[in-house]
Amino acid sequence: MAIVKVHTGEEFECGDNETIARAALRSGLGFPYECNSGSCGTCKFTTLDGEFENLYPEAPAITERDTRKNRLLGCQCTPIGDVEIKVMLSDEYIPKYSPSEQAANLISINPITHDISAFSFKVEKTKEFIPGQYSILTIPGLGKRAYSMSNLPKDGVLEFMIKNMKNGGVSDYLFSERALSHGDAIALDGPYGIAHYRYNERDKICIAGGSGLAPMLSIAREHISSNQESRLHFLFGGKTDADLLPLDEFRNLVGDRKGLIEYYPVASVYSESSYTITGFLHDVLLSLFKENLGSYDIYCAGPPVMTASLEKSLFESGFPQEQLIFDRYC
Amino acid sequence: MTEAAEKNDLAFLCDASEPVEGEGFRVELPNFPALAVFKYDDKFFVIDDKCSHGNASLCDGDVDGCEVECPFHAGAFNFMTGEPTAAPCTVPVRTYEARVVEGKLYMVI
Ligand SMILES: Cc1cc2nc3c(=O)[nH]c(=O)nc-3n(C[C@H](O)[C@H](O)[C@H](O)COP(=O)(O)OP(=O)(O)OC[C@H]3O[C@@H](n4cnc5c(N)ncnc54)[C@H](O)[C@@H]3O)c2cc1C
Ligand code: FES
Ligand code: FES
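About the criteria used
Residues numbered from 1 in each chain as written. Chains lettered and ligands numbered in written order. Predicted model: local features only at pLDDT ≥ 70, side-chain atom pairs only at ≥ 80, totals over all residues. Heavy atoms only, no water. Helix = DSSP H or I, 4+ residues; strand = E, 2+ residues; numbered from the N terminus. Rg over C-alpha atoms; globule rule 2.2 N^0.38 Å. Buried < 20%, exposed > 50% of the residue type's maximum accessible area, 1.4 Å probe, protein only. Areas by Shrake-Rupley, 256 points an atom, 1.4 Å probe, with all protein chains shown as cover. Lys, Arg positive; Asp, Glu negative; His and termini not counted. Charge placed at Lys NZ, Arg CZ, Asp CG, Glu CD. Contact = heavy atoms within 4.5 Å. Buried area = accessible area lost by both parts, 1.4 Å probe. Salt bridge = Lys/Arg side-chain N within 4 Å of Asp/Glu carboxyl O. Polar contact = N/O pair within 3.5 Å; in protein donor to acceptor, adjacent residues only side chain to side chain. Nonpolar A, V, L, I, M, F, W, Y, C, P; charged D, E, K, R; others polar. Domains from an automatic or database assignment. Pairing = 2+ DSSP bridges. Axes fitted to C-alpha atoms, helices over the stretch in contact; angles between N-to-C directions. UniProt positions renumbered as here; feature names shortened; annotations may be inferred. Phe/Tyr/Trp six-rings, centres within 6.5 Å; stacked < 30°, edge-to-face > 60°.

A. Region of interest: the overall build of chain A. A count of helices and strands for chain A gives seven helices and 17 strands. Against the 2.2 N^0.38 benchmark of 20 Å for 330 residues, chain A shows a C-alpha radius of gyration of 20 Å, consistent with a compact globule. The C-alpha extent of chain A, read off along each of the three principal axes, is 60 × 50 × 35 Å. Every one of the 330 residues in chain A was classed for burial, and the buried ones make up 52%. When the accessible area of chain A is evaluated, it comes to approximately 14900 Å², of which 48% is carbon and sulfur surface. Across chain A, the 31 positively charged side chains and the 44 negatively charged ones have centroids separated by 2 Å.

B. A look at the environment of Arg99(B). Residue and element names in this part refer to chain B. With respect to the element layout, Arg-99 can be found in strand E10 (residues 98-101). A residue is classified by how much of its surface remains accessible, and Arg-99, at 10% relative accessible area, is buried. Here the alpha-carbon distance between Arg-99 and Thr-85, two residues 14 residues apart in the chain, equals 25 Å.

C. Spatial organisation of the interface of chain B and chain A. Listed by partner, the interface residues are 22 residues for chain B and 22 residues for chain A. Of the roughly 1800 Å² buried between chain B and chain A on both sides combined, carbon and sulfur atoms contribute 47%. In this assembly, chain B and chain A are joined by seven salt bridges. The salt bridge involving Asp64(B) is made with Arg68(A); its shortest N-O contact spans 3.5 Å. Remark: the boundary between chain B and chain A carries 13 residue pairs in polar contact (both at pLDDT 80 or more). Residue assignment for the side of chain B that touches chain A shows that the elements contributing at least two residues are strand E6 (67-69) and strand E8 (84-86) of chain B. Residue composition of the side of chain B that touches chain A, grouped by class: nine nonpolar, seven polar and six charged.

D. Spatial organisation of the domain arrangement of chain A. One can read the domain layout of chain A as domain 1 (2-93), domain 2 (100-192) and domain 3 (204-328). Domain 1 of chain A and domain 3 of chain A are separated by 33 Å when their C-alpha centres are compared.

E. Structural detail: the sheet that holds strand E7 (residues 116-123) of chain A. Residue and element names in this part refer to chain A. Strand order in the open sheet formed by six strands is E9-E8-E11-E6-E7-E10, and the pairing between neighbours is antiparallel. For this open sheet the edge positions go to strand E9 (143-148) and strand E10 (157-163), each flanked by a neighbour on one side alone. Each strand of the sheet is rotated relative to its neighbour by a mean of 40 degrees, with strand direction disregarded. Two elements, E7 and E10, share seven bridges in a ladder whose sense is antiparallel. Pairing of Ser-120 across the sheet is with Glu-159, part of E10. Relative to E10, helix H4 (residues 213-225) is tilted by about 140 degrees, and along the sheet it contacts E9 and E10.

F. Local environment of the UniProt feature "domain: Rieske" (unreviewed entry) in chain B. Here the UniProt feature "domain: Rieske" (unreviewed entry) sits at residues 11-107 of chain B. Helix makes up 0% of residues 11-107 of chain B and strand 42%. Its end C-alpha atoms lie 5 Å apart.

G. Region of interest: the environment of Gly103(B). All names here are of chain B. Mapped onto the elements of the fold, Gly-103 is located in the loop between E10 and strand E11 (104-108). Exposure remark for Gly-103: the relative accessible area of 37% places this residue in the partly exposed category. As for Gly-103 and Glu-67, which are separated by 36 residues in sequence, their C-alpha atoms are 25 Å apart. When near neighbours in sequence (up to four residues on either side) are disregarded, Gly-103 contacts Asp-15 and Ala-16.

H. Fine view of the packing of aromatic side chains. One pass over the full model with this rule turns up 18 aromatic pairs over all chains. Measuring from ring centre to ring centre gives 6.2 Å for Tyr33(A) and Tyr93(A), while their planes differ by 55 degrees; the resulting arrangement is tilted. Taken as a pair, Tyr33(A) in the loop between helix H1 (20-26) and strand E3 (44-54) and Tyr93(A) in the loop between strand E5 (77-86) and strand E6 (100-111) lie far apart in primary sequence, 60 residues in all. Overall, the relative accessible area of 4% leaves Tyr93(A) in the buried class. Arranged with centres 6.3 Å apart and planes meeting at 75 degrees, the rings of Phe32(B) and Tyr96(B) form a pair that is edge-to-face. Of this pair, Phe32(B) sits in the loop between strand E2 (25-27) and strand E3 (35-40) while Tyr96(B) sits in strand E9 (residues 95-96), placing them 64 residues apart in sequence. Every member of this aromatic cluster is reached through a ring pair, and the members are Tyr33(A), Tyr93(A), Tyr134(A) and Tyr192(A).

So this is what it looks like as C-alpha coordinates:
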(Lines give C-alpha, C1' and ligand atoms only; values in the text may rest on other atoms or scores of the structure.)
(Ligands and ions follow the chains in the order given, each with its own letter.)
Protein backbone atom coordinates (compact mmCIF):
# COMPACT_ATOMS: atom_id res chain seq x y z
CA MET A 1 0.00 0.00 0.00
CA ALA A 2 1.54 3.31 -1.09
CA ILE A 3 0.69 6.81 0.12
CA VAL A 4 -0.03 9.41 -2.56
CA LYS A 5 0.41 13.03 -1.48
CA VAL A 6 -1.28 15.81 -3.45
CA HIS A 7 0.46 19.21 -3.68
CA THR A 8 -2.53 20.83 -1.96
CA GLY A 9 -2.05 18.69 1.16
CA GLU A 10 -4.51 15.81 0.67
CA GLU A 11 -3.24 12.23 1.04
CA PHE A 12 -4.68 8.86 0.09
CA GLU A 13 -3.71 5.21 0.05
CA CYS A 14 -3.25 3.34 -3.21
CA GLY A 15 -3.20 -0.46 -3.28
CA ASP A 16 -0.98 -2.60 -5.52
CA ASN A 17 -2.27 -2.61 -9.10
CA GLU A 18 -4.73 0.14 -8.26
CA THR A 19 -4.64 3.27 -10.38
CA ILE A 20 -4.04 6.65 -8.76
CA ALA A 21 -7.34 8.11 -10.03
CA ARG A 22 -9.45 5.23 -8.78
CA ALA A 23 -7.70 5.08 -5.40
CA ALA A 24 -8.28 8.81 -4.96
CA LEU A 25 -11.97 8.50 -5.89
CA ARG A 26 -12.40 5.54 -3.53
CA SER A 27 -11.05 7.64 -0.70
CA GLY A 28 -13.59 10.36 -1.49
CA LEU A 29 -11.35 12.87 -3.27
CA GLY A 30 -12.46 14.74 -6.41
CA PHE A 31 -9.70 13.46 -8.73
CA PRO A 32 -10.54 14.71 -12.27
CA TYR A 33 -11.49 11.96 -14.74
CA GLU A 34 -14.03 10.99 -17.37
CA CYS A 35 -13.31 7.80 -19.33
CA ASN A 36 -11.03 5.80 -17.00
CA SER A 37 -9.67 4.31 -20.24
CA GLY A 38 -6.69 6.45 -21.25
CA SER A 39 -8.56 8.29 -24.00
CA CYS A 40 -9.91 11.61 -22.72
CA GLY A 41 -6.92 13.11 -20.86
CA THR A 42 -8.95 14.69 -18.04
CA CYS A 43 -6.99 12.75 -15.39
CA LYS A 44 -3.52 14.15 -16.27
CA PHE A 45 -1.34 14.91 -13.26
CA THR A 46 2.26 16.06 -12.81
CA THR A 47 4.73 13.85 -10.95
CA LEU A 48 6.59 15.70 -8.18
CA ASP A 49 8.34 12.90 -6.31
CA GLY A 50 8.62 9.08 -6.35
CA GLU A 51 8.28 6.36 -8.97
CA PHE A 52 5.29 5.37 -11.07
CA GLU A 53 4.36 2.44 -13.26
CA ASN A 54 2.63 3.42 -16.48
CA LEU A 55 0.13 0.66 -17.33
CA TYR A 56 -0.73 2.01 -20.78
CA PRO A 57 2.21 4.01 -22.22
CA GLU A 58 0.59 4.21 -25.70
CA ALA A 59 -2.59 5.79 -24.28
CA PRO A 60 -3.94 8.24 -26.88
CA ALA A 61 -4.49 11.10 -24.42
CA ILE A 62 -0.80 11.76 -23.67
CA THR A 63 1.25 14.08 -25.87
CA GLU A 64 5.00 14.50 -26.27
CA ARG A 65 4.73 17.74 -24.26
CA ASP A 66 2.97 15.91 -21.42
CA THR A 67 5.90 13.49 -21.24
CA ARG A 68 8.36 16.40 -21.33
CA LYS A 69 6.49 18.08 -18.48
CA ASN A 70 6.36 14.89 -16.35
CA ARG A 71 2.64 14.35 -16.78
CA LEU A 72 0.96 10.96 -16.60
CA LEU A 73 -2.62 9.73 -16.72
CA GLY A 74 -4.14 9.14 -13.28
CA CYS A 75 -6.35 6.38 -14.68
CA GLN A 76 -3.39 4.47 -16.18
CA CYS A 77 -0.69 4.71 -13.49
CA THR A 78 0.12 3.13 -10.17
CA PRO A 79 2.68 4.39 -7.65
CA ILE A 80 5.74 2.33 -6.81
CA GLY A 81 6.14 3.28 -3.15
CA ASP A 82 5.08 6.63 -1.70
CA VAL A 83 4.74 9.48 -4.22
CA GLU A 84 3.83 13.13 -4.50
CA ILE A 85 1.78 14.59 -7.34
CA LYS A 86 0.29 17.86 -8.57
CA VAL A 87 -3.32 17.70 -9.72
CA MET A 88 -6.33 20.02 -9.63
CA LEU A 89 -8.87 18.25 -7.39
CA SER A 90 -12.41 19.47 -7.82
CA ASP A 91 -15.69 18.76 -5.97
CA GLU A 92 -17.57 17.88 -9.16
CA TYR A 93 -15.63 14.59 -9.33
CA ILE A 94 -16.29 13.47 -5.74
CA PRO A 95 -18.26 10.21 -6.06
CA LYS A 96 -21.72 10.13 -4.53
CA TYR A 97 -21.45 6.35 -4.21
CA SER A 98 -17.98 5.14 -3.36
CA PRO A 99 -16.70 2.88 -6.15
CA SER A 100 -15.69 -0.66 -5.18
CA GLU A 101 -14.67 -3.85 -6.94
CA GLN A 102 -16.61 -7.07 -6.51
CA ALA A 103 -17.15 -10.35 -8.34
CA ALA A 104 -20.10 -10.49 -10.71
CA ASN A 105 -21.66 -13.61 -12.25
CA LEU A 106 -23.18 -13.61 -15.71
CA ILE A 107 -26.90 -14.41 -15.58
CA SER A 108 -28.06 -13.70 -19.14
CA ILE A 109 -27.20 -12.38 -22.61
CA ASN A 110 -30.09 -11.02 -24.71
CA PRO A 111 -29.82 -9.51 -28.19
CA ILE A 112 -31.10 -5.92 -28.50
CA THR A 113 -30.12 -5.12 -32.12
CA HIS A 114 -28.06 -7.12 -34.63
CA ASP A 115 -24.82 -6.07 -32.93
CA ILE A 116 -25.80 -4.91 -29.43
CA SER A 117 -26.61 -7.38 -26.64
CA ALA A 118 -27.65 -6.90 -23.03
CA PHE A 119 -25.28 -8.69 -20.62
CA SER A 120 -26.70 -9.04 -17.09
CA PHE A 121 -24.57 -9.82 -14.06
CA LYS A 122 -25.48 -10.59 -10.48
CA VAL A 123 -23.39 -9.12 -7.68
CA GLU A 124 -23.56 -10.13 -4.05
CA LYS A 125 -24.24 -6.68 -2.66
CA THR A 126 -26.52 -4.30 -4.62
CA LYS A 127 -24.37 -1.60 -6.15
CA GLU A 128 -25.84 1.86 -5.87
CA PHE A 129 -25.22 4.13 -8.84
CA ILE A 130 -26.71 7.16 -10.52
CA PRO A 131 -28.22 6.40 -13.95
CA GLY A 132 -25.69 7.29 -16.65
CA GLN A 133 -22.70 5.91 -14.71
CA TYR A 134 -20.43 3.06 -15.74
CA SER A 135 -18.34 0.21 -14.33
CA ILE A 136 -14.97 -1.17 -15.30
CA LEU A 137 -15.13 -4.84 -16.23
CA THR A 138 -12.02 -6.98 -16.05
CA ILE A 139 -12.18 -9.63 -18.73
CA PRO A 140 -9.78 -12.41 -17.71
CA GLY A 141 -6.76 -12.52 -20.00
CA LEU A 142 -7.84 -9.49 -22.05
CA GLY A 143 -7.89 -6.45 -19.82
CA LYS A 144 -10.25 -3.80 -18.53
CA ARG A 145 -12.98 -1.93 -20.39
CA ALA A 146 -15.61 0.60 -19.30
CA TYR A 147 -19.28 -0.27 -19.84
CA SER A 148 -22.27 1.78 -18.74
CA MET A 149 -25.12 0.31 -16.76
CA SER A 150 -28.38 0.30 -18.71
CA ASN A 151 -30.72 -0.65 -15.85
CA LEU A 152 -31.51 0.93 -12.49
CA PRO A 153 -29.79 -0.18 -9.28
CA LYS A 154 -31.99 -3.05 -8.07
CA ASP A 155 -31.74 -6.59 -6.67
CA GLY A 156 -27.98 -6.79 -7.15
CA VAL A 157 -28.34 -7.01 -10.93
CA LEU A 158 -26.28 -4.89 -13.30
CA GLU A 159 -27.18 -4.82 -16.98
CA PHE A 160 -24.78 -3.62 -19.70
CA MET A 161 -25.52 -3.14 -23.38
CA ILE A 162 -22.40 -3.95 -25.32
CA LYS A 163 -21.86 -3.35 -29.01
CA ASN A 164 -19.79 -5.82 -30.98
CA MET A 165 -17.03 -3.65 -32.48
CA LYS A 166 -15.95 -6.57 -34.73
CA ASN A 167 -12.21 -5.80 -34.66
CA GLY A 168 -12.31 -4.90 -30.98
CA GLY A 169 -10.30 -7.04 -28.60
CA VAL A 170 -12.80 -7.26 -25.74
CA SER A 171 -16.20 -6.64 -27.33
CA ASP A 172 -15.56 -9.11 -30.14
CA TYR A 173 -14.52 -11.72 -27.59
CA LEU A 174 -17.64 -11.15 -25.49
CA PHE A 175 -19.78 -12.05 -28.51
CA SER A 176 -17.79 -15.14 -29.42
CA GLU A 177 -18.70 -18.67 -28.46
CA ARG A 178 -15.62 -19.17 -26.34
CA ALA A 179 -16.57 -16.17 -24.17
CA LEU A 180 -18.57 -16.00 -20.96
CA SER A 181 -21.31 -18.46 -20.20
CA HIS A 182 -23.99 -18.53 -17.53
CA GLY A 183 -22.53 -18.33 -14.00
CA ASP A 184 -19.03 -17.23 -15.08
CA ALA A 185 -17.47 -14.61 -12.82
CA ILE A 186 -15.67 -11.41 -13.73
CA ALA A 187 -14.47 -8.47 -11.60
CA LEU A 188 -16.60 -5.37 -11.78
CA ASP A 189 -15.42 -2.01 -10.41
CA GLY A 190 -17.72 0.99 -10.08
CA PRO A 191 -19.69 3.12 -10.20
CA TYR A 192 -17.76 5.81 -12.10
CA GLY A 193 -18.70 8.73 -14.31
CA ILE A 194 -19.93 12.26 -13.89
CA ALA A 195 -22.33 12.23 -16.87
CA HIS A 196 -25.28 11.07 -14.84
CA TYR A 197 -28.92 11.99 -14.38
CA ARG A 198 -29.52 15.47 -12.91
CA TYR A 199 -32.74 15.76 -10.95
CA ASN A 200 -33.97 19.18 -12.02
CA GLU A 201 -36.99 20.73 -13.71
CA ARG A 202 -35.38 21.30 -17.09
CA ASP A 203 -36.71 19.27 -20.03
CA LYS A 204 -34.20 16.73 -21.23
CA ILE A 205 -32.82 15.38 -24.50
CA CYS A 206 -30.98 12.05 -24.53
CA ILE A 207 -28.86 11.33 -27.59
CA ALA A 208 -27.56 7.79 -28.00
CA GLY A 209 -25.38 6.59 -30.85
CA GLY A 210 -24.74 2.82 -31.13
CA SER A 211 -22.63 1.79 -28.14
CA GLY A 212 -24.00 4.79 -26.20
CA LEU A 213 -27.43 3.20 -25.84
CA ALA A 214 -26.87 1.82 -22.31
CA PRO A 215 -26.37 5.01 -20.25
CA MET A 216 -29.13 6.84 -22.13
CA LEU A 217 -31.55 3.94 -21.48
CA SER A 218 -30.70 3.98 -17.79
CA ILE A 219 -31.40 7.72 -17.70
CA ALA A 220 -34.71 7.29 -19.58
CA ARG A 221 -35.71 4.42 -17.29
CA GLU A 222 -35.00 6.54 -14.23
CA HIS A 223 -36.96 9.43 -15.71
CA ILE A 224 -40.03 7.21 -16.11
CA SER A 225 -39.72 5.27 -12.89
CA SER A 226 -39.24 8.39 -10.73
CA ASN A 227 -42.28 10.10 -12.32
CA GLN A 228 -40.46 13.27 -13.34
CA GLU A 229 -42.63 16.13 -14.51
CA SER A 230 -40.14 17.40 -17.06
CA ARG A 231 -40.30 16.12 -20.67
CA LEU A 232 -37.73 13.76 -22.13
CA HIS A 233 -36.88 13.44 -25.83
CA PHE A 234 -34.79 10.46 -26.92
CA LEU A 235 -32.76 10.39 -30.16
CA PHE A 236 -31.22 7.03 -31.07
CA GLY A 237 -28.80 7.04 -33.98
CA GLY A 238 -27.38 4.29 -36.18
CA LYS A 239 -26.38 3.85 -39.80
CA THR A 240 -29.48 2.01 -41.05
CA ASP A 241 -32.75 0.54 -39.72
CA ALA A 242 -30.92 -2.60 -38.58
CA ASP A 243 -29.05 -0.52 -35.97
CA LEU A 244 -32.19 1.10 -34.58
CA LEU A 245 -35.07 0.11 -32.33
CA PRO A 246 -38.70 0.33 -33.48
CA LEU A 247 -40.91 2.51 -31.24
CA ASP A 248 -42.71 -0.37 -29.49
CA GLU A 249 -39.42 -2.11 -28.64
CA PHE A 250 -37.98 1.16 -27.37
CA ARG A 251 -40.99 1.77 -25.11
CA ASN A 252 -40.85 -1.79 -23.87
CA LEU A 253 -37.17 -1.49 -22.98
CA VAL A 254 -37.65 1.81 -21.15
CA GLY A 255 -40.87 0.72 -19.44
CA ASP A 256 -42.65 3.73 -20.97
CA ARG A 257 -46.19 2.28 -21.09
CA LYS A 258 -47.92 5.67 -21.37
CA GLY A 259 -45.73 6.92 -24.22
CA LEU A 260 -44.37 9.84 -22.17
CA ILE A 261 -41.00 9.90 -23.94
CA GLU A 262 -40.75 11.38 -27.42
CA TYR A 263 -38.63 8.88 -29.42
CA TYR A 264 -36.77 9.75 -32.64
CA PRO A 265 -34.82 7.00 -34.47
CA VAL A 266 -32.16 8.62 -36.68
CA ALA A 267 -30.38 6.82 -39.56
CA SER A 268 -27.19 8.47 -40.84
CA VAL A 269 -27.00 6.45 -44.08
CA TYR A 270 -30.31 4.97 -45.17
CA SER A 271 -33.77 4.06 -43.88
CA GLU A 272 -36.87 2.49 -45.40
CA SER A 273 -39.08 3.53 -42.51
CA SER A 274 -41.15 6.70 -42.76
CA TYR A 275 -40.88 7.06 -38.97
CA THR A 276 -37.07 7.28 -39.04
CA ILE A 277 -35.34 10.62 -39.60
CA THR A 278 -32.35 10.51 -41.97
CA GLY A 279 -29.25 12.57 -41.15
CA PHE A 280 -26.47 13.03 -38.64
CA LEU A 281 -27.51 13.24 -35.01
CA HIS A 282 -26.06 16.73 -34.47
CA ASP A 283 -27.85 18.14 -37.54
CA VAL A 284 -31.13 16.43 -36.61
CA LEU A 285 -30.87 17.76 -33.06
CA LEU A 286 -30.34 21.34 -34.22
CA SER A 287 -33.20 21.18 -36.72
CA LEU A 288 -35.67 19.56 -34.28
CA PHE A 289 -34.99 21.85 -31.34
CA LYS A 290 -33.64 25.02 -32.93
CA GLU A 291 -36.15 27.34 -31.23
CA ASN A 292 -35.30 26.82 -27.58
CA LEU A 293 -32.38 24.41 -27.38
CA GLY A 294 -30.85 26.36 -24.48
CA SER A 295 -33.78 25.43 -22.21
CA TYR A 296 -32.82 21.71 -22.25
CA ASP A 297 -30.30 19.53 -20.47
CA ILE A 298 -28.67 17.42 -23.17
CA TYR A 299 -27.24 14.00 -22.29
CA CYS A 300 -25.27 12.14 -24.90
CA ALA A 301 -23.24 8.96 -25.29
CA GLY A 302 -21.71 7.24 -28.25
CA PRO A 303 -18.58 6.86 -30.35
CA PRO A 304 -16.02 9.71 -30.08
CA VAL A 305 -16.75 11.06 -33.59
CA MET A 306 -20.40 11.45 -32.69
CA THR A 307 -19.90 13.14 -29.32
CA ALA A 308 -17.20 15.40 -30.79
CA SER A 309 -19.49 16.59 -33.63
CA LEU A 310 -22.31 17.20 -31.18
CA GLU A 311 -20.09 19.08 -28.77
CA LYS A 312 -18.76 21.23 -31.60
CA SER A 313 -22.18 22.05 -33.07
CA LEU A 314 -23.61 22.89 -29.67
CA PHE A 315 -20.61 25.00 -28.70
CA GLU A 316 -20.89 26.96 -31.98
CA SER A 317 -24.61 27.50 -31.42
CA GLY A 318 -23.83 29.07 -28.01
CA PHE A 319 -25.42 26.22 -26.03
CA PRO A 320 -24.53 26.50 -22.30
CA GLN A 321 -21.61 24.12 -21.68
CA GLU A 322 -22.84 23.01 -18.24
CA GLN A 323 -26.11 21.71 -19.77
CA LEU A 324 -24.27 19.27 -22.05
CA ILE A 325 -23.72 16.16 -19.99
CA PHE A 326 -21.44 13.41 -21.30
CA ASP A 327 -18.38 11.33 -20.55
CA ARG A 328 -15.86 11.46 -23.36
CA TYR A 329 -15.17 8.35 -25.44
CA CYS A 330 -17.75 5.68 -25.12
CA MET B 1 -6.64 42.11 -41.31
CA THR B 2 -9.18 44.03 -43.35
CA GLU B 3 -8.05 47.59 -43.97
CA ALA B 4 -11.67 48.50 -44.54
CA ALA B 5 -12.65 48.11 -40.87
CA GLU B 6 -13.65 51.51 -39.54
CA LYS B 7 -12.75 52.66 -36.05
CA ASN B 8 -16.30 52.02 -34.86
CA ASP B 9 -15.95 48.35 -35.83
CA LEU B 10 -13.12 48.06 -33.33
CA ALA B 11 -13.32 47.37 -29.61
CA PHE B 12 -10.49 48.71 -27.47
CA LEU B 13 -8.70 45.96 -25.54
CA CYS B 14 -5.58 47.41 -23.92
CA ASP B 15 -2.40 49.28 -24.55
CA ALA B 16 -0.27 47.34 -27.04
CA SER B 17 2.58 47.40 -24.49
CA GLU B 18 0.57 45.48 -21.88
CA PRO B 19 0.49 41.88 -23.23
CA VAL B 20 3.94 40.26 -23.06
CA GLU B 21 5.20 37.19 -24.88
CA GLY B 22 4.86 33.95 -22.92
CA GLU B 23 1.82 35.04 -20.89
CA GLY B 24 -1.89 35.47 -21.45
CA PHE B 25 -3.42 38.89 -20.80
CA ARG B 26 -7.05 38.91 -19.67
CA VAL B 27 -9.45 41.57 -20.89
CA GLU B 28 -13.08 42.00 -19.88
CA LEU B 29 -15.42 43.98 -22.11
CA PRO B 30 -19.12 44.61 -21.61
CA ASN B 31 -21.28 42.25 -23.74
CA PHE B 32 -18.37 39.88 -24.47
CA PRO B 33 -17.15 36.74 -22.78
CA ALA B 34 -13.79 37.27 -21.03
CA LEU B 35 -10.96 37.44 -23.58
CA ALA B 36 -7.36 36.25 -23.54
CA VAL B 37 -4.75 38.21 -25.48
CA PHE B 38 -1.44 36.60 -26.51
CA LYS B 39 1.62 38.22 -28.07
CA TYR B 40 3.71 35.92 -30.24
CA ASP B 41 6.36 36.84 -32.79
CA ASP B 42 5.36 40.50 -32.31
CA LYS B 43 1.79 39.78 -33.38
CA PHE B 44 -1.32 39.78 -31.19
CA PHE B 45 -3.95 37.04 -30.95
CA VAL B 46 -7.28 37.20 -29.16
CA ILE B 47 -9.34 34.19 -28.08
CA ASP B 48 -12.06 33.44 -25.52
CA ASP B 49 -10.44 33.14 -22.10
CA LYS B 50 -12.67 30.25 -20.97
CA CYS B 51 -11.48 26.76 -21.84
CA SER B 52 -13.96 24.81 -23.99
CA HIS B 53 -13.53 21.79 -21.70
CA GLY B 54 -14.41 23.40 -18.37
CA ASN B 55 -14.53 26.53 -16.32
CA ALA B 56 -10.85 27.44 -16.45
CA SER B 57 -9.25 30.76 -17.40
CA LEU B 58 -6.69 30.16 -20.15
CA CYS B 59 -4.79 33.27 -19.03
CA ASP B 60 -3.79 31.26 -15.95
CA GLY B 61 -2.19 28.58 -18.15
CA ASP B 62 1.38 28.10 -19.38
CA VAL B 63 2.28 29.35 -22.84
CA ASP B 64 4.34 27.02 -25.05
CA GLY B 65 5.18 28.61 -28.42
CA CYS B 66 1.88 29.46 -30.08
CA GLU B 67 -0.09 27.22 -27.71
CA VAL B 68 -1.63 27.84 -24.32
CA GLU B 69 -2.12 25.00 -21.86
CA CYS B 70 -5.20 24.90 -19.68
CA PRO B 71 -4.39 25.12 -15.96
CA PHE B 72 -7.10 22.58 -15.02
CA HIS B 73 -6.44 19.37 -16.98
CA ALA B 74 -3.49 20.31 -19.23
CA GLY B 75 -5.49 20.44 -22.44
CA ALA B 76 -4.13 22.99 -24.94
CA PHE B 77 -5.11 25.35 -27.76
CA ASN B 78 -3.24 26.99 -30.59
CA PHE B 79 -4.08 30.63 -29.86
CA MET B 80 -3.46 31.65 -33.49
CA THR B 81 -6.28 29.39 -34.76
CA GLY B 82 -8.28 28.49 -31.63
CA GLU B 83 -7.89 24.77 -32.47
CA PRO B 84 -7.46 22.29 -29.60
CA THR B 85 -4.00 20.68 -29.62
CA ALA B 86 -4.06 18.39 -26.59
CA ALA B 87 -6.61 16.19 -24.80
CA PRO B 88 -9.02 16.62 -23.10
CA CYS B 89 -9.85 19.67 -25.26
CA THR B 90 -11.78 18.72 -28.40
CA VAL B 91 -13.68 21.87 -29.31
CA PRO B 92 -11.95 25.03 -30.63
CA VAL B 93 -12.19 28.29 -28.71
CA ARG B 94 -13.45 31.38 -30.53
CA THR B 95 -10.81 33.65 -32.10
CA TYR B 96 -11.05 37.40 -32.80
CA GLU B 97 -9.05 39.56 -35.19
CA ALA B 98 -6.58 41.86 -33.41
CA ARG B 99 -5.53 45.27 -34.71
CA VAL B 100 -2.98 47.79 -33.43
CA VAL B 101 -3.77 51.44 -34.06
CA GLU B 102 -1.41 54.08 -32.72
CA GLY B 103 -0.05 51.89 -29.93
CA LYS B 104 -3.46 50.65 -28.81
CA LEU B 105 -4.74 47.12 -29.25
CA TYR B 106 -8.25 46.60 -30.61
CA MET B 107 -10.23 43.67 -31.86
CA VAL B 108 -12.48 43.75 -34.89
CA ILE B 109 -16.13 43.22 -33.99
C1 LIG C 1 -17.06 5.73 -20.00
C2 LIG C 1 -17.23 4.69 -21.06
C3 LIG C 1 -18.43 4.00 -21.16
C4 LIG C 1 -18.60 3.03 -22.15
N5 LIG C 1 -19.80 2.40 -22.24
C6 LIG C 1 -19.99 1.48 -23.21
C7 LIG C 1 -21.25 0.79 -23.33
O8 LIG C 1 -22.18 1.00 -22.54
N9 LIG C 1 -21.40 -0.11 -24.35
C10 LIG C 1 -20.38 -0.37 -25.22
O11 LIG C 1 -20.58 -1.21 -26.12
N12 LIG C 1 -19.19 0.26 -25.13
C13 LIG C 1 -18.97 1.17 -24.14
N14 LIG C 1 -17.75 1.79 -24.02
C15 LIG C 1 -16.66 1.39 -24.96
C16 LIG C 1 -15.90 0.18 -24.37
O17 LIG C 1 -15.24 0.53 -23.19
C18 LIG C 1 -14.84 -0.35 -25.32
O19 LIG C 1 -13.98 0.69 -25.73
C20 LIG C 1 -15.45 -0.99 -26.56
O21 LIG C 1 -16.25 -2.11 -26.17
C22 LIG C 1 -14.37 -1.46 -27.52
O23 LIG C 1 -13.46 -2.28 -26.84
P24 LIG C 1 -12.67 -3.39 -27.60
O25 LIG C 1 -11.72 -4.05 -26.67
O26 LIG C 1 -13.64 -4.27 -28.29
O27 LIG C 1 -11.89 -2.55 -28.69
P28 LIG C 1 -10.35 -2.08 -28.73
O29 LIG C 1 -10.26 -1.23 -29.94
O30 LIG C 1 -9.46 -3.27 -28.63
O31 LIG C 1 -10.15 -1.20 -27.44
C32 LIG C 1 -10.97 -0.03 -27.24
C33 LIG C 1 -10.49 0.87 -26.13
O34 LIG C 1 -9.91 0.17 -25.04
C35 LIG C 1 -8.87 0.91 -24.44
N36 LIG C 1 -7.58 0.15 -24.48
C37 LIG C 1 -7.04 -0.47 -25.55
N38 LIG C 1 -5.86 -1.02 -25.21
C39 LIG C 1 -5.66 -0.77 -23.90
C40 LIG C 1 -4.62 -1.09 -22.96
N41 LIG C 1 -3.54 -1.77 -23.31
N42 LIG C 1 -4.76 -0.66 -21.67
C43 LIG C 1 -5.85 0.03 -21.29
N44 LIG C 1 -6.85 0.38 -22.14
C45 LIG C 1 -6.76 -0.02 -23.43
C46 LIG C 1 -8.76 2.16 -25.22
O47 LIG C 1 -9.51 3.16 -24.57
C48 LIG C 1 -9.38 1.81 -26.56
O49 LIG C 1 -9.91 2.92 -27.23
C50 LIG C 1 -17.56 2.75 -23.06
C51 LIG C 1 -16.35 3.45 -22.94
C52 LIG C 1 -16.19 4.41 -21.97
C53 LIG C 1 -14.89 5.13 -21.89
S1 FES D 1 -7.71 9.38 -19.84
FE2 FES D 1 -7.86 9.01 -17.75
S3 FES D 1 -9.90 9.45 -17.28
FE4 FES D 1 -9.83 9.63 -19.44
S1 FES E 1 -11.01 22.78 -18.14
FE2 FES E 1 -9.48 23.13 -19.62
S3 FES E 1 -8.65 21.18 -19.97
FE4 FES E 1 -10.29 20.81 -18.61
